[in-house]
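Structural features, examined
Below, each chain spelled out in residue letters.
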Amino acid sequence: MASLWDYPDFDAHEGVHFFDDPASGLRAIIAIHSTARGPAAGGTRFWHYADSADAVTDALRLSRGMSYKNAMAGLPMGGGKGVVLAPADRIKTPALLAAFGKAIETLGGRYVTAEDVGMTDADMVAIRAETRHVSGLPVAAGAAGGDPGPTTAQGVFLGVKAAVARALGKTDLAGIHVAIQGVGSVGGGLARLLAAQGARLTLADVHPDRATALAAELGASAVAADAILAIEADVLSPCALGAVLNRDSIHALAVPIVAGGANNQLATPADAARLHARGILYAPDYVINAGGIINVALEYLGGSDRAAVDQRVAGIRARLNQVWDESDATGDPTAIVADRIAQRLIGRR
Ligand code: NAD
């Protein structure tokens, strides 16, 4: 078994904490990548791993990603991630959530959690009984916080507008053709915002009924899920799974812009260069999809309302333009440039 230092995703993390509570069955990892900008913020994933080494890898990789995302969003937060190793039956008991809340509390505020895959806002409420270092809780109307999906969609919408202005020289979205992969919380919200501006939409989802229903509502087209990545359009917006941009899909792309909300869109670092070589303007995923973390971070920090969230989300445009400017100046792919700027912001370069 490799030591922590030997994991390829180990990146001088400030701390990687392992928790084991036989009474509740909790086995969890909290990885703190950096607190240089503030408490390490990042959601908790509840997932059944065939091999616990995969859980460690996820915690290391995702916590570093949160450092970068929070820094690029201009938040006074570092990056961390919780991973709870789900038992084979995937049952999440109140005792397990309480034990995880206690685990977070032992870190004294160096880590702040929120929802991620497999965790709900009700789970955050349960964790809140043991620690105040949690966000993504239900909030009153008009306050910062709550469901991050709509705010993520708002940020992606602004990012699409910025990309269209930059690559196509158009400030008006009327008639701009956007292909959206995945019409869930983020992709569906994005589709509504774009439709309201007169954009032409092609939608796809692995649940085809979702895409056809939304297409009917918005006067859009729907295509099969396996066709969306090669649609001829102005913008492709991946809003479903990660790793959709790979050697084959990039070769087949028929768009000048890729700007979407999904996390980890590039299958490998080499795919950043592939997009760049094809002259496709890519909005780095963790820059354009930061709306949700902005929303829950301001909730945690307190004293902010929706207007403060909206103002900060609007800053996503300026950050994207900074990335694109530096890419133009250096000739480096935008995803590489984004990592470099983020590393500067957390004092790692
Ligand atoms: P969601 O589950 O609400 O929606 C995802 C949709 O994608 C579903 O309708 C699903 O059926 C569809 N889908 C899955 N695989 C697909 C495929 N191969 N082709 C077409 N459609 C497919 O999830 P969400 O909250 O909208 O998140 C979407 C993406 O955005 C994820 O990658 C997520 O990590 C990322 N993200 C979400 C937020 C947020 O605030 N919700 C924030 C940042 C990033």
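On a predicted model such as this, the values are computed, not experimentally measured, just so you know.

Some thoughts on the sheet that holds strand β10 (residues 235-238)
Taken together, the six strands give an open sheet; going across it, the order is β9-β8-β7-β10-β11-β12, and neighbouring strands pair in parallel fashion. A single partner strand is all that each edge strand has here, and the edge strands are β9 (221-222) and β12 (281-282). In this structure, strand β7 (residues 177-181) lies alongside β10, joined through four bridges in parallel fashion. Bridge pairing in β10 links Gln181 to Pro238. Against the sheet, helix α5 (residues 185-196) contacts β7, β8 (200-204) and β10, and its axis sits at roughly 165° relative to β7.

Let's talk about the site of the ligand
Near the ligand there are 21 residues, and of these Thr152, Val186, Asp205, Arg210 and Ala240 occur at the shortest range. A distance of 3.4 Å separates an oxygen atom of the ligand from a polar backbone atom of Gly149. With respect to the ligand, the backbone of Gly261 contributes an N or O atom lying 3.3 Å from an oxygen atom. Coverage of the ligand by the protein amounts to 73% of the 820 Å² it exposes when considered alone. Elements represented by at least two residues in the shell around the ligand include exactly α4 (149-168) and α5. Of the residues in the shell around the ligand, the class split is eight nonpolar, 10 polar and three charged.

Comments concerning helix α3 (residues 121-128)
Here α3 has its buried residues at Asp123, Met124 and Ile127. Here the buried residues of α3 occupy an arc of 100° about the axis, which is enough to place them on one side. In this fold, the buried residues of α3 make contact with α2 (94-106). With a side-chain oxygen lying 3.3 Å from the backbone nitrogen of Ala122, the N-terminal cap of α3 falls on Thr120.

Overview of the pairing of strand β2 (residues 26-34)
With eight of its nine residues buried, β2 lies for the most part within the structure. If you look at the hairpin formed by strand β1 (residues 15-21) and β2, you'll find four residues sitting between the two strands, and Gly25 has a positive phi there, around 85°. With six bridges joining them, β2 and strand β5 (residues 78-85) adopt antiparallel strand pairing. Within β5, the position partnered with Ala28 by the bridge is Val84.

Things to note about the pattern of salt bridges
Applying the stated rule across the entire model yields 18 salt bridges. Linking Glu326 and Arg340 is a salt bridge whose minimum nitrogen-to-oxygen distance equals 3.4 Å. Remark: Arg340 occurs in helix α12 (residues 334-345) and Glu326 occurs in helix α11 (residues 306-330); sequence separation between them is 14 residues. Under the relative-accessibility criterion, Glu326 is labelled buried at 17%. For Arg340, a relative accessible area of 15% puts it in the buried group. If you follow the salt bridges from partner to partner, you end up with Arg45, Asp58, Arg61, Lys81 and Asp116 in one network.

As for the layout of surface pockets
When its volume is computed, the second largest pocket comes out at roughly 210 Å³. Phe18, Arg27, Ile29, Ser52 and Val56 are, among the 15 residues lining the second largest pocket, the residues nearest its centre. Among the elements of the structure, β1, β2 and α1 (52-72) are those that each provide at least two residues to the lining of the second largest pocket. Of the residues assigned to the lining of the second largest pocket, the class counts are 11 nonpolar, two polar and two charged.

Here we look at the side chain of Gln343
Checked against the element boundaries, Gln343 lands in helix α12. With relative accessibility at 17%, the residue Gln343 sits in the buried group. At 2.7 Å, the side chain of Gln343 forms a polar contact with the side chain of Tyr68.

Conventions and cut-offs
- Residues numbered from 1 in each chain as written.
- Predicted model: local features only at pLDDT ≥ 70, side-chain atom pairs only at ≥ 80, totals over all residues.
- Heavy atoms only, no water.
- Pairing = 2+ DSSP bridges.
- Helix = DSSP H or I, 4+ residues; strand = E, 2+ residues; numbered from the N terminus.
- Contact = heavy atoms within 4.5 Å.
- Axes fitted to C-alpha atoms, helices over the stretch in contact; angles between N-to-C directions.
- Near = heavy atom within 4 Å.
- Polar contact = N/O pair within 3.5 Å; in protein donor to acceptor, adjacent residues only side chain to side chain.
- Areas by Shrake-Rupley, 256 points an atom, 1.4 Å probe, with all protein chains shown as cover.
- Nonpolar A, V, L, I, M, F, W, Y, C, P; charged D, E, K, R; others polar.
- Buried < 20%, exposed > 50% of the residue type's maximum accessible area, 1.4 Å probe, protein only.
- Arc of directions from axis to C-beta.
- Salt bridge = Lys/Arg side-chain N within 4 Å of Asp/Glu carboxyl O.
- 1 Å grid on protein atoms, 1.4 Å probe; cavity = no way out; pocket = protein on both sides within 12 Å on 5 of 7 lines; lining within 4 Å.
- Points joined across faces, edges and corners; volume = space filled by probe spheres on them.

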